[in-house]
Structure formats: structure tokens, C-alpha cells
Amino acid sequence: MKKLVGYVLTPIFYFFFSLTLLIFQPIQWISYKFGYAAHKRSVDTLNFFLTYCQLFLGNSITFTNEQELPENRPIIFIANHQSMFDIPGIIWFMRKYHVKFISKIELTKGIPSISFNLKYGGGANIDRNDSKQAIGEIIKLGKRMHANNWSAMIFAEGTRAKDGKMKRFHVGGVATLLKFNPNALVVPIAIENSWKVVQYGMFPLSTGESLKWTVLPPVATEGQSLEEITLAAENAIRHKLQQPLPA
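About the thresholds
Residues numbered from 1 in each chain as written. Predicted model: local features only at pLDDT ≥ 70, side-chain atom pairs only at ≥ 80, totals over all residues. Heavy atoms only, no water. Helix = DSSP H or I, 4+ residues; strand = E, 2+ residues; numbered from the N terminus. Buried < 20%, exposed > 50% of the residue type's maximum accessible area, 1.4 Å probe, protein only. Lys, Arg positive; Asp, Glu negative; His and termini not counted. Salt bridge = Lys/Arg side-chain N within 4 Å of Asp/Glu carboxyl O. Polar contact = N/O pair within 3.5 Å; in protein donor to acceptor, adjacent residues only side chain to side chain. Phe/Tyr/Trp six-rings, centres within 6.5 Å; stacked < 30°, edge-to-face > 60°. Lys NZ or Arg CZ within 6 Å of the ring centre and 35° of its normal. Expected span 1.5 Å × (residues − 1). Arc of directions from axis to C-beta. Contact = heavy atoms within 4.5 Å. Patch = residues over 30% accessible without salt bridge, like charges linked within 9 Å, V, L, I, M, F, W, Y side chains within 5 Å. Areas by Shrake-Rupley, 256 points an atom, 1.4 Å probe, with all protein chains shown as cover. Pairing = 2+ DSSP bridges. Axes fitted to C-alpha atoms, helices over the stretch in contact; angles between N-to-C directions.

Colleague: Pulling in residues and values, what's your account of the side chain of Glu-157?
Modeller: Following the sequence through the fold, Glu-157 ends up in the loop between β5 (151-155) and α6 (172-180). We note that Glu-157 is buried and unpaired, the nearest opposite charge coming from Lys-167 at a distance of 5.5 Å.

See below:
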């Protein structure tokens, strides 16, 4: 039934999703001329609309953050990754933390609004075929975090879990960012059910799903190795999603 309804609602969703991207392309361009703060407000507003476009599919949005996180200290958020629909909600709901993403460099071209923000928003755009370039970009992001008290989002699986089942987390990106921000908090975010939206592919999208983001307590870092820190974040998310470590 969800798939059948999806054939009806998906074109409506894509119309408003695409319209939002097209409208905010010139808004971002103009805002960028007035500096970082103006550009960020335009990006935040863009992602509010992108997040709530899910309502056109009959999908619900629940973002839970019961943590008292500082705004004057870099934060490394670590999350599982299920679909492209993970991202707008994080940008909108965590907007006061200036969250930056590590993205594929290919995404900096050709996508209205999204490519512009990736190119000029302060994140790291990496070439997965060029490890030297990728590391260099993450180092630059780490330095920007330190200078501006920004935060970063790491999808530590390295790819999307298309069936919702978590893959093991990698240490690399976390290690580089912590090197330049040793006082950063490490905060896990558990993402649920966004994979279900694309379980039939990009058309039709699924309907009546419950998309959830939950910000979990910060991970203790003092006296812990990078592997232990990353594993602690992974375990916290697995506990929330009720997915034990693979044997």
C-alpha cells in the first residue's frame, strides 16, 4: 500500500522539493554577498523546507535533543547514514551549532542550492579517488572548526546503509578532526527510518514513514584512544537502534 500511494505522492514531493532548491539558489547567491551569517540563515531556511517536504509523502519528522550541548565549543557529531534525507533535518534542527559536512566533491556541481552550499558553506569536499586531497580538505575543515567554534558531521560508516543495518564505523575522519580540535565534544546521533523512504528506489518513494533523529549523550574522550572513542559512538547508536555489533 505504501508503494502504491507513493506513485501518487512522489511527483508532488519532487515538485515541491525541486521548487525549493530552485528558489533558494538565487537567495543563497545574494545572501552570500552579505557574508557568512546571511548565507547561513538562507541555508538554514532552505533545509527547513527540505525537511518538511516529507509531509507531502505523509512521513512524520521527529527530532529529539535532550542534551545540553555548548555553543562555544567545537562538536564532532557522529551518525549512522541511511539516505540523503538524513541531512536536511540535521542542518535545520542543529543549526545553532554550525554543522559542516564532509561531502563528495562531485556534489559541488550541478545541483541547485545544494552544490552552492557545499562549495561555499565551509564544509569539506573530498575526492574519494585522491586520498591526499581528501585528507587535506578534512584538515582545512578541522582548522575552520577550531577558529570558528563550528561543528562537523561524520557519517562514520563511509556509505549509506540502504537496508538500515549499520556498518562498522571508521576512525579516519574522526581522528583528523580531533587532531585539530582536541577539546571537541564527540556526540552520536541515531537516525531511524530514512532508508525506508527510498526502499523502492528514488521512484516511487515510500509513504507513511516515521523519520527520527535522536541526539545521544556525548562520548567520554579523556584517556580514550581514537578507536575506543569511535566504537563508543557506534555502540551508543547501535543500542538506540537495537542493532548489536556483528559477530
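Colleague: Please give an account of the side chain of Ser-151 that cites residues and values.
Modeller: Topologically, Ser-151 is positioned in strand β5. Among the polar contacts listed, one links the side chain of Ser-151 to the backbone oxygen of Tyr-97, at a separation of 3.1 Å.

Colleague: Provide a residue-level description of the packing of aromatic side chains, including the pertinent values.
Modeller: Tallied over the entire structure, the rule returns 20 aromatic pairs. With a centroid separation of 4.7 Å and an interplanar angle of 20°, the aromatic rings of Phe-63 and Phe-93 are classed as stacked. Here the residue Phe-63 occupies a position in strand β1 (residues 60-65), and Phe-93 occupies one in helix α3 (residues 86-93), the gap between them amounting to 30 residues. By way of ring pairs, the aromatic residues Phe-24, Phe-48, Phe-49, Tyr-52, Phe-63, Trp-92, Phe-93 and Trp-213 are connected into one cluster. Stacked on the ring of Trp-92, the Lys or Arg Arg-95 has its end atom at 3.7 Å from the ring centre. Across the ring face of Trp-150, the terminal group of Lys-100 is positioned such that the distance to the ring centre comes to 4.5 Å.

Colleague: Let's hear about the pattern of salt bridges: which residues, and what values?
Modeller: Evaluation of the coordinates by the stated rule reveals 6 salt bridges. The closest approach of N and O atoms between Lys-2 and Glu-209, which form a salt bridge, is 3.3 Å. Of this pair, Lys-2 sits in helix α1 (residues 2-33) while Glu-209 sits in the loop between α7 (194-197) and β7 (210-215), and the two are 207 residues apart along the sequence. On the basis of relative accessible area, Glu-209 is assigned to the buried category, the value being 5%.

Colleague: Summarise helix α5 (residues 131-148); cite the residues concerned and give the values.
Modeller: Taking 1.5 Å as the rise per residue, α5 with 18 residues should run 26 Å; its terminal C-alpha atoms sit 26 Å apart, in good agreement. Among the residues of α5, Ala-134, Glu-137, Ile-138, Leu-141, Gly-142 and Met-145 are the ones counted as buried. For α5, the angular spread of buried residues about the axis comes to 145°, placing them on one side. In α5, those exposed residues whose orientation departs by more than 90 degrees from the buried face are Lys-132, His-146 and Ala-147. Contacts from the buried residues of α5 go to β2 (75-79), β3 (99-104), β4 (124-126), β5 and α6. Just beyond α5, the residue with positive phi is Asn-149, at close to 55°.

Colleague: Break down a nonpolar patch on the surface for me, citing the residues and quoting the values.
Modeller: A contiguous nonpolar surface patch, about 560 Å² in accessible area, is contributed by Ile-12, Phe-15, Phe-16, Leu-19, Ile-23, Ile-27 and Phe-56. Mapped onto the secondary structure, Leu-19 falls in helix α1.

Colleague: Lay out the sheet that holds β3 with the relevant residues and their values.
Modeller: By definition, the strands of a sheet pair up through backbone hydrogen bonds, in either a parallel or an antiparallel sense. If you walk across this open sheet you meet the 7 strands as β1-β7-β6-β2-β5-β3-β4, and the pairing is mixed. The open sheet is flanked by β1 and β4, the only strands paired with a single partner. Neighbour-to-neighbour, the strand axes of this sheet turn through a mean angle of 20°, independent of strand direction.

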